[in-house]
Structures are given as C-alpha cells and as structure tokens.
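Close look at the chain arrangement
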Amino acid sequence: MFGLLHKRSRYEDPATLSTEQLDFWKANGYLKLTGAISSSEREAILSEVNGHWSLREGNDHLIDVLSGEYAGKEFRLADAPLSVRQQSYKLNNLFGRSSIVRRVALNATIKAALSTLLDGTPLICNTLNFERGSQQPFHLDTWYMPPPVEGKMVAAIIALDDIGADNGPFTYYPGSHAIKPYYFSHGRLNIVNEEAQACINYLNAEIEKRNLAPTTLECKAGDVFFWHSNLYHGGAAINDMSLTRRSLVVHYWRTQDVPSNQVRKDGENAYLGRTLRGEITF
C-alpha cells in the first residue's frame, strides 16, 4: 500500500440516482457524477501509482505501451524502460493487491450509483491506471471482457486530472449502446480478430443509420464518468504530450453473476479473485 486514504465524510450517505439521471443513462448510455471522489482519494491513487514506479524491483504488474518507440509492447513493470512513463501506457490490475484502489473504485457514491445501474452488487473485474490519454481506436469493452450476464457491465473513468481537448480525451458515440450487439462466429461477444472489420462495418452502418455523432469527454479531477458496456468509444489524439490525463479506469460486473469461489471481499466491497489476463496472482 503506497497511498494514504483518509476517512470520507461528504459521501457517507450518498443519494440514489434521480429519475432524470436514469432516463439519461437509458437514452445515452453514459452518466457523469461531479465530484464523486474526494481530493484525499485522488491523492491516494496518485501516490499508489508513484509508489509502483518508485519500487519497481520484482514488480510483476503488466504495462501495455500505447505510444512511442515501444508502442504495442507489454512489459512487467520491473522491466519497463523508464521512458515509457512519458508515453501513453496503461498499468494493469492494481485492484488485485491494492486496498486503496479497491476502496476508491467502490467508494460510497460510486457503489450506490453502480448498484442502480447494474441492478445488483458491483464487483471490480479489471482496473487500468493511465497517466495520458489512450488514443485507442473506437471499440467495445465486450470484445475483451464480456460480462457473465449480457448487458450487466459498467465501466468508469475516475478522473485524477482535468480532461479536455488537448490531453487525449475519452471519445464516444452517445446512444450507440442501443445498437443490437454483434455476435462473432463462435456465437459470443468476444472479438475474433479476423472478423473485427466486419463488426466495425456493422457498427459504422448502424451509427450512420441512427445519425449518431461522436463527442469528447470534458470533466474535472474528482468527477466520475460511467459508460454502458455496449457504448462505442475510444481515445482522441493527444495534442500535447506534456499534458497528463491521469485516471483510474474500472470495469465492473455484478457479484451475483460470478461463482462465489471467484469472489473476494474487502470489507463490504467485492472484487474478482483473479485477473482476466491471468498475468498476476493475489
């Protein structure tokens, strides 16, 4: 545990989502909560990431490099060139060993919202720490981590920096979550690489038919942005690589959909007892 997490007071009794918020979610497939994490929670996550970079010896967490000379490669953190930190990268699955990450990812405000959006108890199945925008092409999360029950996954960006036009903002098509899912040849949502273009063509045709337009996320540090598992999204280009866009991205399933022997508890918070890539154990 690298960061310190102070007791919260502002969000001890979080309000449930309003009818207007739920109607907006159903129509658009996303929802933003302003100031859903405290400054101490934000600093605790930043300290956690700094701690992993400072104590890299033997650290087996995987880093996926998204820009620069090592783009497309993965490293154990212990083996990652230090220059990678100045590029776009994602640090995978700190949730498995970090109570700090788990508690912020399921703080009272976030957990209350997720319980409503998922119609069940949220479970952390994946976390990604970013220090810059991903610049990833448009995609669906269900290609890589489809939930045990279709439609019962929500993802979140927990903003640790302000997000704006120049630091590679999250980009998405509001309403695209309502497009009928594309099933690959094996009958599931998991991507088949050889069939990816056919799926993209289908989605683009549906987007054009529905006259949907992409938009970019703007938010302040401390805000949380939720999106539906079927929302078509990606990362815009970074206009200034000197600008960070630090965030904790979390994917949530429902506890009730996962075999009990795969569920772990941290107090009242639930998380998957393994990583989806199987790269670390805990």
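Let us look at the structure shown here. The shown structure was predicted, so the numbers you read here are calculated from the model rather than taken from an experiment.

Cut-off values and rules
- Residues numbered from 1 in each chain as written.
- Predicted model: local features only at pLDDT ≥ 70, side-chain atom pairs only at ≥ 80, totals over all residues.
- Heavy atoms only, no water.
- 1 Å grid on protein atoms, 1.4 Å probe; cavity = no way out; pocket = protein on both sides within 12 Å on 5 of 7 lines; lining within 4 Å.
- Points joined across faces, edges and corners; volume = space filled by probe spheres on them.
- Helix = DSSP H or I, 4+ residues; strand = E, 2+ residues; numbered from the N terminus.
- Nonpolar A, V, L, I, M, F, W, Y, C, P; charged D, E, K, R; others polar.
- Core = buried A, V, L, I, M, F, W, Y, C linked by side-chain atoms within 4.5 Å.
- Buried < 20%, exposed > 50% of the residue type's maximum accessible area, 1.4 Å probe, protein only.
- Contact = heavy atoms within 4.5 Å.
- Pairing = 2+ DSSP bridges.

Its boundaries defined by the atoms lining it, the largest pocket holds a volume of some 540 Å³. Forming the boundary of the largest pocket are 28 residues, of which Lys90, Leu128, Gln136, His139 and Tyr144 lie nearest the centre. Secondary structure elements with two or more residues in the lining of the largest pocket: β4 (89-92), β5 (122-130), β10 (233-235) and β11 (247-254). Taken together, the residues that form the lining of the largest pocket break down as 13 nonpolar, 10 polar and five charged.

Let us now look at the nonpolar core. If you look at the biggest cluster of nonpolar residues, it comprises 44 residues, and the most contacted ones within it are Ile63, Ile158, Phe226 and Tyr252. Apart from the residues within four sequence positions on either side, Ile63 is in contact with Trp53, Lys73, Glu74, Phe75, Leu77, Ala80, Val84, Tyr89, Lys90, Leu91 and Asn92. Grouped together as the second largest cluster of nonpolar side chains are 15 residues, Ala155, Ile157, Ile163 and Leu231 included.

Before going further, it helps to spend a moment on the pairing of strand β6 (residues 154-159). Summarising burial for β6: six of the six residues are buried, a large majority. Here β6 shows no split at all, with Val154, Ala156 and Ile158 on one side and Ala155, Ile157 and Ala159 on the other all buried. Examined bridge by bridge, β6 and strand β9 (residues 224-228) share five bridges and lie antiparallel to one another. Each residue of the ladder has a partner; that of Ile158, found in β9, is Val224.

This brings us to the environment of Tyr182. Take Tyr182: it is sitting in the loop between β7 (170-172) and α5 (196-210). Separated by 128 residues in sequence, Tyr182 and Ser54 have C-alpha atoms that sit 43 Å apart.

In this structure, Ala80 sits in the loop between β3 (74-76) and β4. Taking the relative accessible area as the measure of exposure, Ala80 reaches 2% and is therefore buried. Distance in space between the C-alpha atoms of Ala80 and Arg102 is 25 Å, their sequence separation being 22 residues. Apart from residues no more than four positions distant in its own chain, Ala80 is found in contact with Arg56, Ile63 and Phe75.

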